[in-house]
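Now for the letters of each chain:
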Amino acid sequence: MQHEAHAHAHEGTADGTAGATWSMAAQATLHCLTGCAIGEVLGMVIGTALGWGNVSTTVLAIVLAFVFGYSLTLRGVLKAGVGFRAAFRVALAADTLSIAVMELIDNGVIALWPDAMDAELGDPLFWGSLAISLVIAFVVTTPVNKWMIGRGKGHAVVHRYHRH
């Protein structure tokens, strides 16, 4: 009975989708930001250490941001007992738009920031511009996630697999 009440409390809107709060959206965005930041930093460190150019390094960072972003969601859904194929589809549905917006904003800020693309790993500009670009990406992506959750998409899909 208590579980039923809990389930009804999360239904939210008349169409059965979860009600989207700013807190839920911020939490989903922070989850996405974690995966993106791990991938971004790792990609930039690898590309810079190998002496790659800006385009190759940026492409690697974006690919790794998607890999780590999906992996964090995949881990949680697999923990709920969902099979790999279904869990992978959930991760794609939950994170693709969020990661894409985050990467567009993050990399756009870096590309437009004077000298940030040429900063080395030991340069405070490298880390400062990266940190600020991720904060801006978080601010821009949070409303996107709120919109998606309010329509039963994005992390609302992942929420269905959480054990309460």
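So, here's what we can say about the structure. (Residues numbered from 1 in each chain as written. Predicted model: local features only at pLDDT ≥ 70, side-chain atom pairs only at ≥ 80, totals over all residues. Heavy atoms only, no water.)

## A look at helix H2 (residues 22–49)
For H2, with 28 residues, the first-to-last C-alpha span of 39 Å sits near the 40 Å given by 1.5 Å per residue. At the exit of H2 stands Gly 51, carrying a positive phi of roughly 75°. (Helix = DSSP H or I, 4+ residues; strand = E, 2+ residues; numbered from the N terminus. Expected span 1.5 Å × (residues − 1).)

## A short note on helix H4 (residues 84–112)
Between its first and last C-alpha atoms H4 spans 39 Å; for 29 residues at 1.5 Å apiece the expected length is 42 Å, and the two agree. Its maximal kink placed at Asp 95, H4 deviates by approximately 45°. (Bend = angle between axes of the 7 residues up to and from the residue.)

## A closer look at the packing of H2 against H4
One way to put it is that H2 packs onto H4 with a least axis distance of 10 Å and a crossing angle of 55°. Our classification of the angle between H2 and H4 gives oblique. Seen along the crossing, H2 lies across H4 with a hand that is right-handed. When H2 is examined against H4, the residues Thr 29, Cys 32, Leu 33, Cys 36 and Glu 40 are found in contact with a partner set consisting of Ser 98, Ile 99, Met 102, Glu 103, Asp 106 and Asn 107. Looking at side-chain class alone, the contact of H2 with H4 contains five nonpolar, three polar and three charged residues. (Axes fitted to C-alpha atoms, helices over the stretch in contact; angles between N-to-C directions. Parallel < 35°, antiparallel > 145°, perpendicular 65-115°, else oblique. Left-handed = near helix turned anticlockwise from the far one by under 90°. Contact = heavy atoms within 4.5 Å. Nonpolar A, V, L, I, M, F, W, Y, C, P; charged D, E, K, R; others polar.)

## Points about the packing of aromatic side chains
Evaluation of the coordinates by the stated rule reveals three aromatic pairs. Measuring from ring centre to ring centre gives 6.1 Å for Phe 84 and Phe 88, while their planes differ by 20°; the resulting arrangement is stacked. Within this pair, Phe 84 and its partner Phe 88 are both found in helix H4, separated by four residues, close to a single helical turn. A ring pair is formed by Phe 126 and Trp 127, whose centres lie 4.7 Å apart and whose planes are at 75°; its orientation type is edge-to-face. The partly exposed category is assigned to Trp 127, whose relative accessible area is 38%. When the ring centre of Trp 22 is taken as reference, the NZ or CZ atom of Lys 146 above it lies at 5.1 Å. (Phe/Tyr/Trp six-rings, centres within 6.5 Å; stacked < 30°, edge-to-face > 60°. Buried < 20%, exposed > 50% of the residue type's maximum accessible area, 1.4 Å probe, protein only. Lys NZ or Arg CZ within 6 Å of the ring centre and 35° of its normal.)

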